[in-house]
Amino acid sequence: MNTVTEKLAGWRDNYLPQEGLGKIIVIVICLYLLGAVLLGMYWSIEPKPFDVRAKAQALAAEDGGTVVTGSVTTGALIGVVQTLLDKPGGYTHNDKFPPGVWLDNMPNWEYGVLIQVRDMSRALREVFSRSQSQSTEDADLVEMEPRFNFNSDSWILPSSESEYRDGLEYARKYFDRLSEKSAPGAQFYARSDSLRYYLSAVDSRLGSLSQRLSASVGKSRLNTDLAGDAEAAQSTETPTEQEVRTPWGEIDDVFYEARGTAWALILFLKAVEVDFADVLAKKNAQVSLQQIIRELEGTQETVWSPMILNGSGFGPLANHSLVMTSYLSRANAAIVDLRDLLSQG
C-alpha cells in the first residue's frame with residue numbers, strides 16, 4: 001500500500017508541474033494570437049485623407065519658408081509617404097511576423113498608394129522641375145525618385161521603409177529649396193504640357209486597374225491590340241479571343257490596391273488643382289478636374305460587407321469590383337477629356 005502511495009506521489013510531483021507549465025504556455029500563445037488578431041484589425045483601418053493646403057503650410061512653417069508654386073504638390077507627396085510609413089502598424093507590405101504577415105487588404109492598399117507615389121515622383125523629376133527636355137534634372141529629385149522605386153517587400157538590408165524614408169528626406173530638401181530665393185535652381189513649372197504628362201501616367205494606371213477589376217467575373221475579350229493600324233506588328237501572335245478572369249484569391253487584392261491608388265490620387269489631384277490653378281482657369285478646366293476628384297472620392301465609401309463580394313454582373317449578390325471599376329472608369333474617361341482640353345490652344 002505504501003509503495004502505491006509513494007508511486008502516486010512521485011507521479012504527482014513529476015508530471016503535474018509540467019502539465020501546469022504546458023497549460024500556461026497554451027494560454028500565453030492563445031492570448032498572443034488573440035492580441036495579434038485585434039491589433040491586425042486596428043492596423044487594417046485605412047487612413048483618412050489630409051488637407052493638402054494645410055500640409056504645405058505646416059511644412060513651410062517648420063523651416064520658416066513660404067508656400068510657392070509647387071509647394072502643395074510636393075507637400076502632398078511628402079504627406080502621402082509619411083502616412084504610408086507612420087500610420088498605425090507602419091508599412092506592412094514587407095512584414096514577416098504576425099500580425100502584419102497575416103494581413104491582406106492593407107498591404108495591397110499600401111501598394112496602390114506606392115504606385116501613385118512613384119508616378120508622382122517620376123513626374124516631379126522629369127517634367128515638373130524642368131523647363132524643357134534639355135534642362136538639367138534637380139539633384140535632390142534624382143536621388144529621391146529611385147528610392148521610392150525600391151523593392152516594395154524588402155524586409156531587411158536594406159528594408160523598404162529605410163529606402164522610402166531616405167527618399168522622403170530628399171523630397172523635403174527639394175520642398176525647402178523651392179521657396180529659397182538664394183537657391184533658384186529648385187523650380188516647379190506649372191505648365192499645361194507637364195500636367196498632360198502626369199495625367200497620361202494616371203490615365204494608364206486607371207485603365208489597367210479597371211480591366212483587372214472588371215475581370216473579377218470573367219469575360220471573353222476580343223484582341224484589339226493592333227486595331228486602328230493596318231501596318232502594326234507585335235512580337236508573337238496572340239489568340240483573337242480569350243477568356244480573362246482574375247483568380248478568385250486575388251479579387252480582394254486588386255480591389256484594395258485600387259482603393260489605395262484612388263486615395264493617393266485624390267490628394268495629388270487636389271494639390272494639382274492648387275498649383276495649376278492658372279493653367280486650369282485659362283482652359284476653364286477647374287470643374288473638369290473637380291469632377292474627376294469627385295468620381296474618385298466615390299471609391300472611398302465604407303465597405304460594409306465583411307468580405308469583398310464577387311457576385312455576377314446582374315446576380316443577387318453585389319460585385320464590389322464592378323462598383324469600383326465604375327468609379328475608376330468614369331474618372332479615367334474624364335481624365336482623357338481633360339488632357340484633350342489642355343492640349344488645345
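Our subject is the structure listed above.
The present account deals with the structure reproduced in this document. (Residues numbered from 1 in each chain as written. Predicted model: local features only at pLDDT ≥ 70, side-chain atom pairs only at ≥ 80, totals over all residues. Heavy atoms only, no water.)

Each helix and strand counted, the chain has eleven helices and two strands in total. Scored against the burial criterion, the 345 residues of the chain give a buried share of 41%. A fraction of 75% describes how many contacts in the chain between residues 6 or more apart in sequence connect residues 24 or more apart. A total accessible area of about 18,600 Å² is found for the chain, and carbon and sulfur atoms account for 55% of it. (Helix = DSSP H or I, 4+ residues; strand = E, 2+ residues; numbered from the N terminus. Buried < 20%, exposed > 50% of the residue type's maximum accessible area, 1.4 Å probe, protein only. Contact = heavy atoms within 4.5 Å. Areas by Shrake-Rupley, 256 points an atom, 1.4 Å probe, with all protein chains shown as cover.)

To continue, consider the layout of surface pockets. A volume near 430 Å³ is recorded for the largest pocket. Forming the walls of the largest pocket are 17 residues, and the residues nearest its centre are Glu46, Pro47, Lys48, Arg259 and Gln300. For the lining of the largest pocket, the secondary-structure elements that each account for two or more residues are α4 (105–128) and α8 (251–275). Its residues assigned to classes, the lining of the largest pocket comprises eight nonpolar, four polar and five charged. Counted as a void, the second largest pocket has a volume near 290 Å³. In this structure, the second largest pocket is lined by Asn105, Trp248, Gly249, Ile251, Asp252, Tyr256, Val303, Ser305, Pro306, Met307, Ile308 and Asn310. (1 Å grid on protein atoms, 1.4 Å probe; cavity = no way out; pocket = protein on both sides within 12 Å on 5 of 7 lines; lining within 4 Å. Points joined across faces, edges and corners; volume = space filled by probe spheres on them. Nonpolar A, V, L, I, M, F, W, Y, C, P; charged D, E, K, R; others polar.)

A few words now on the packing of aromatic side chains. All chains considered together, the criterion is met by eight aromatic pairs. Pairing Tyr91 with Tyr164 gives two aromatic rings, centres 5.7 Å apart and planes at 85°, and the pair type is edge-to-face. A residue pair is termed long-range when its members are at least 10 positions apart, and Tyr91 in the loop between α3 (71–86) and α4 and Tyr164 in helix α6 (residues 160–178) qualify at 73 residues. Using a relative accessible area of 3% as the deciding quantity, one classes Tyr91 as buried. Ring geometry for Phe255 against Tyr256: centres 5.2 Å apart, planes inclined by 80°, an arrangement best described as edge-to-face. The exposure classification of Phe255 matches that of Tyr256, with both residues buried. Among the aromatic residues, those joined into a ring-pair cluster are Phe128, Phe188, Tyr198 and Phe276. (Phe/Tyr/Trp six-rings, centres within 6.5 Å; stacked < 30°, edge-to-face > 60°.)

This part is about unusual backbone geometry. In this structure, Pro158 follows Leu157 across a cis peptide bond, with omega equal to -15°. Along the chain, the position of Leu157 falls in the loop between α5 (139–148) and α6. Under the relative-accessibility criterion, Leu157 is labelled exposed at 78%. At Asn284, a residue that is not glycine, the phi angle is positive and equals roughly 55°. Residue position: Asn284 is located in the loop between α9 (277–282) and α10 (286–297). We classify Asn284 as exposed; its relative accessible area is 60%.

The subject of this paragraph is the environment of Ser214. For Ser214, the location among the structural elements is in helix α7 (residues 192–214). For Ser214 and His320, which are 106 residues apart along the polypeptide, the C-alpha to C-alpha distance reads 10.0 Å. Of the polar contacts made by the side chain of Ser214, one reaches the backbone oxygen of Gln211; its length is 3.0 Å. (Polar contact = N/O pair within 3.5 Å; in protein donor to acceptor, adjacent residues only side chain to side chain.)

Counted by the stated rule, this structure contains 19 salt bridges. Measuring nitrogen to oxygen at the nearest pair gives 3.3 Å for the salt bridge that ties Arg122 to Asp119. In this pair, Arg122 and Asp119 both sit in helix α4, three residues apart, roughly one turn of the helix. Since its relative accessible area comes to 25%, Arg122 is described here as partly exposed. Glu143 is paired through a salt bridge with Arg147; the nearest N and O atoms lie 2.9 Å apart. Of the two residues, Glu143 and Arg147 are both situated in helix α5; the distance of four residues between them amounts to about one turn of the helix. Among the charged side chains, a network of salt bridges with common partners joins Asp119, Arg122, Arg125, Glu137, Glu145 and Arg205. (Salt bridge = Lys/Arg side-chain N within 4 Å of Asp/Glu carboxyl O.)

Within the span of α5, buried status applies to Asp140, Leu141, Met144, Glu145 and Phe148. Summarising the axial view, the buried residues of α5 lie within an arc of 120°, below the 170-degree limit, and thus occupy one face. Here α5 starts with a cap whose side-chain oxygen sits 3.0 Å from the backbone nitrogen of Asp140, and that cap is Asp138. (Arc of directions from axis to C-beta.)

Okay, the packing of α10 against helix α11 (residues 320–343) next. Between α10 and α11, whose axes approach to 8 Å, the crossing angle comes to 165°. Here α11 runs roughly antiparallel to α10, going by the angle between their axes. When you trace α10 past α11, the crossing you get is left-handed. In this structure, α10 uses Ser288, Leu289, Ile292, Glu295 and Leu296 to contact α11, whose residues at the interface are Tyr327, Leu328, Arg330, Ala331, Ala334, Ile335, Leu338 and Leu341. Within the contact of α10 with α11, the residues separate by chemical class into ten nonpolar, one polar and two charged. (Axes fitted to C-alpha atoms, helices over the stretch in contact; angles between N-to-C directions. Parallel < 35°, antiparallel > 145°, perpendicular 65-115°, else oblique. Left-handed = near helix turned anticlockwise from the far one by under 90°.)

All we've got here are geometric facts, nothing functional implied.
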